[in-house]
Amino acid sequence: MLCSVEKRKQLEKKAHEYEQNTGTYIRPINLTQVENTGKDQRTGKSIHSEDVKEFLIKQCNIPEEHIAIKSSDKDDIEGVDLFADDCEIRYIITKYALQEGWDCSFAYILTILTNPSSQTGITQLIGRILRQPFARKTKVQDLDECYVYTFRQNAAALVKGIKGNLESEGLGDIAGRISLRSEEHTSELQSHSF
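Read on for an overview of the structure. Since the model is a prediction, treat every value here as computed from it, not as a measurement. Along each chain, residue indices are assigned from 1 in the same order as the chain's sequence is written. Per-residue local features of the predicted model are confined to residues with pLDDT of at least 70, and side-chain atom pairs are confined, for both listing and counting, to 80 or more; whole-chain, interface and lining totals are unaffected and use all residues. The side-chain values count all of the structure's non-hydrogen atoms but skip hydrogen atoms and water molecules.

**As for the pattern of salt bridges**
Note that side chains of opposite charge can pair when their charged atoms are close. Definition in use: One speaks of a salt bridge when a side-chain nitrogen belonging to Lys or Arg is within 4 Å of a carboxyl oxygen belonging to Asp or Glu. Numbering of helices and strands runs from the N terminus, with a helix taken as a DSSP run of H or I at least four residues long and a strand as a DSSP run of E at least two residues long. A simple rule labels every residue: compare its accessible area, found with a 1.4 Å probe on the protein chains alone, to the largest value its type can have, and call it buried under 20%, exposed over 50%, or partly exposed in between.
Taken as a whole and judged by the stated rule, the model has seven salt bridges. Note that E6 is salt-bridged to K9, the shortest N-O span being 3.7 Å. Within this pair, E6 and its partner K9 are both found in helix α1 (residues 2–22), separated by three residues, close to a single helical turn. Residue E6 is classed as partly exposed on the basis of its relative accessible area of 41%. Salt-bridge contacts for R90 lead to E12; the nearest nitrogen and oxygen are separated by 3.0 Å. Linking R90 in the loop between β2 (67–70) and β3 (91–94) with E12 in helix α1, this pair joins segments that are 78 residues apart in sequence. The exposure class of R90 is buried, given its relative accessible area of 13%.

If you want it as structure tokens, here you go:
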């Protein structure tokens, strides 16, 4: 989680420079997928949305107003214009709520804290972050990429499955630009030039 928090901070600096040079506002958002979100599901045996929120606030010094939870029980983004300059949300924590029917081109980072079994579900979730702001490239490499951080799974197998799904959906040109950097417990899947 720390790697994805640092990456989002780096991207925000790049986005601020980009805005100063072009007048175009971008606020990178980190989508975080957790195992549980329900108020009765916080057992300590799985990663819960409130655990992640607490970690972001206490360990990463993220202001609470920068964090939103989107679940069937709680919807902190309902009625919020995520593209507004005065919107403070930089982290959205969810379980499944953002896999289909949701789109925010400010979503640059996906942090997967689950042990997914469905490549299709993960591909759909990654699809949420493939859209660049206003469907245009910025010509700033860091802002023309999306980033996926994984936890609790074999990252190489995940990348292979995602590449296969992208290719089967006619996106072979994107699948060919996927690289992987591994760390001891965290892997980063970086998709170039979307």
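**Observations regarding the pairing of β3**
Our working definition: Pairing between strands is defined by DSSP: at least two bridges between the two strands are required.
With burial as the criterion, each face of β3 is covered, one bearing Y91 and I93 and the other bearing I92 and T94. Pairing geometry for strand β1 (residues 29–33) and β3, over four bridges, is parallel. By the bridge assignment for β3, L31 is matched with I92. With four bridges joining them, β2 and β3 adopt parallel strand pairing. When the bridges of β3 are listed, I69 appears paired with I93.

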